Amino acid sequence: MSAVSKAAYKPLSLATSVLGGVAASAAFAQVWKRLGNDAKAPDPKDLQRSNTEVLVAAALQGLIFGLVKAAVDRAGARGYKAVTHEDPS
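Residues numbered from 1 in each chain as written. Predicted model: local features only at pLDDT ≥ 70, side-chain atom pairs only at ≥ 80, totals over all residues. Heavy atoms only, no water.

(A) Molecular detail of the packing of helix α1 (residues 3-35) against helix α2 (residues 51-84). Packing of α1 against α2 brings their axes to within 8 Å, and their N-to-C directions diverge by 145°. Helix-helix and strand crossings are classified by hand; for α1 and α2 the assignment is right-handed. (Axes fitted to C-alpha atoms, helices over the stretch in contact; angles between N-to-C directions. Helix = DSSP H or I, 4+ residues; strand = E, 2+ residues; numbered from the N terminus. Left-handed = near helix turned anticlockwise from the far one by under 90°.)

(B) Region of interest: the pattern of salt bridges. Considering all chains together, one arrives at four salt bridges under this definition. E53 is paired through a salt bridge with R49; the nearest N and O atoms lie 3.1 Å apart. In this structure E53 comes out as buried when scored by relative accessible area, which is 16%. Classification of R49 as buried rests on a relative accessible area of 17%. For K81, the salt bridge goes to D87, with nearest N and O atoms at 3.2 Å. (Salt bridge = Lys/Arg side-chain N within 4 Å of Asp/Glu carboxyl O. Buried < 20%, exposed > 50% of the residue type's maximum accessible area, 1.4 Å probe, protein only.)

(C) Spotlight on a nonpolar patch on the surface. Nonpolar side chains collect at one region of the surface, where L14, V18 and V22 lie side by side and expose about 290 Å² of accessible area between them. Along the chain, the position of V22 falls in helix α1. Under the relative-accessibility criterion, V22 is labelled exposed at 53%. (Patch = residues over 30% accessible without salt bridge, like charges linked within 9 Å, V, L, I, M, F, W, Y side chains within 5 Å. Areas by Shrake-Rupley, 256 points an atom, 1.4 Å probe, with all protein chains shown as cover.)

(D) Spatial organisation of the side chain of R49. The topology assignment puts R49 in the loop between α1 and α2. A distance of 3.4 Å separates a polar side-chain atom of R49 from the backbone oxygen of K40. A distance of 3.1 Å separates polar atoms of two side chains, one belonging to R49 and the other to E53. Excluding its chain neighbours within four sequence positions, the residues that come into contact with R49 are W32, D38, K40, A41, P42 and V54. (Polar contact = N/O pair within 3.5 Å; in protein donor to acceptor, adjacent residues only side chain to side chain. Contact = heavy atoms within 4.5 Å.)

(E) View of the environment of S5. Position of S5 relative to the elements: it lies in helix α1. As for S5 and K69, which are separated by 64 residues in sequence, their C-alpha atoms are 22 Å apart. Leave out the neighbours within four places in its chain, and S5 touches Y80 and E86.

What follows is the structure in structure tokens.
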């Protein structure tokens, strides 16, 4: 990838990452509303919540964020390649 292409891809990558984080956060909130006993995910420092509930919430949040990040990064790379005909690697 040329220096110009790399410079053009960086802002696109940053913007898609931010939007992906927002989407992942919203997706996790919706999933937790349906699965959890409480509408809000447990805070790890809240000792009133069980270890199981806190750890399941953290694992689910990590899974959703990882999945959304990979999907957004891949879509951004494919979109970039479709426009420039260069791999963004």
